[in-house]
Amino acid sequence: MTLPAYLTTAEAAEYLRLKERKVYDLVSQGVIPCVRVTGKLLFPRQRIDLWLMNHLEGDDAVSSPTPPVLAGSQDPLLEWAVKESGAELALLCQGSGDGVQRLIAGRAMLAGMHIWHAESRGYNDPVTLGLSGMRDLVLIRWAKRQQGLLLAAENPHRLARLEDIARPGIRLAHRQPDAGVSHLLQSLLARHRLDAGHLTWATHPSLSEDDLALAIRQGEADVGVGIEAAARRQGLAFIPLQQEHFDLAMRRRHYFDPAMQRLLSFAGSERFVQRAEALGGYDIAELGHVVYNA
């Protein structure tokens, strides 16, 4: 029998093999995840599972505290939400690959990532990323984002598809090699049989989504691959190519950290929804969904 996404108190007690009175005690102590709807308690099953796994005996010991840092890929909506929610996380967004390394080394609490794997045609596979050794790894869906070609306003070069970036004289903005979009770009070039060596690349890599969009707006490049939200922020034209998954990776215990809980709570607000709509290119229907739980 498939359990519902939200359990009643009786169902939660049966699921946890506890008496209902004990479940009420855990609620009053504020230690078990739950929500109250019109006076009735409901228990999100995914969060109950995480709560249980977080209390596994014999799990990896913590040798030193992890700094409250959000590393990995930059996302305009996430960046805004961290500040507005009061999550008190320092932002150190230098690409998805950098975020993975900081998470493994214990130098970041969270890592945002959107790494495309051409072989499996999926995003953020822990094994491919080298994260399979983390016994307490959790991936939480942040958003689905629209990736595409960013072009100068009104598209003066009349570019219409990816193959057009190979035209003589078209300068291509690009990110650092371990950025998530760099993995996607290499896959797209291979899929469309475009030789990277025959393209005209911008002199310097852009270190964030916003930097890439700004490089195009300032005339340092003619086109680049990035997210729709960055194009809108800089008043650029945009041609969609692919929807991607942007996820937050963390150790299980950090899911329950006040910083993460404040961020997720704020992401459920109407104000957050309005901001996502205003930025453009976001699908937040699955935000907060546990997509991997080691």
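This one's a predicted model, so the numbers in the text were calculated from it and none came from an experiment.

Visitor: Looking at this model, I keep getting lost on the UniProt feature "domain: PBP" (unreviewed entry) in the protein chain. Mind explaining?
Guide: The feature "domain: PBP" (unreviewed entry), as annotated in UniProt, sits at residues 83–266 in this numbering. End C-alpha to end C-alpha, residues 83–266 measures 11 Å, and it is 30% helix and 27% strand.

Visitor: Is there a simple way to explain the side chain of Ser208 in this structure?
Guide: Assignment of secondary structure puts Ser208 in the loop between β11 (200–201) and α8 (209–217). Polar side-chain contacts of Ser208 include one of 3.0 Å to the backbone nitrogen of Asp211. The contact partners of Ser208, leaving out residues within four places of it in the chain, are Gln74 and Arg175.

Visitor: Hey, could you run me through the packing of aromatic side chains in this one?
Guide: Geometrically, a pair of aromatic rings is defined through the distance of the ring centres and the angle of the planes. Going through the model one piece at a time under the given rule, you end up with five aromatic pairs. Relative to Phe256, the ring of Tyr255 has its centre 5.2 Å away and its plane inclined at 80 degrees; by these criteria the two rings are edge-to-face. Assessed through its relative accessible area of 1%, Tyr255 is described here as buried. Residue classification places Phe256 among the partly exposed positions, given a relative accessible area of 24%. A ring pair is formed by Phe266 and Phe272, whose centres lie 6.3 Å apart and whose planes are at 80 degrees; its orientation type is edge-to-face.

About the criteria used
Residues numbered from 1 in each chain as written. Predicted model: local features only at pLDDT ≥ 70, side-chain atom pairs only at ≥ 80, totals over all residues. Heavy atoms only, no water. UniProt positions renumbered as here; feature names shortened; annotations may be inferred. Helix = DSSP H or I, 4+ residues; strand = E, 2+ residues; numbered from the N terminus. Polar contact = N/O pair within 3.5 Å; in protein donor to acceptor, adjacent residues only side chain to side chain. Contact = heavy atoms within 4.5 Å. Phe/Tyr/Trp six-rings, centres within 6.5 Å; stacked < 30°, edge-to-face > 60°. Buried < 20%, exposed > 50% of the residue type's maximum accessible area, 1.4 Å probe, protein only.

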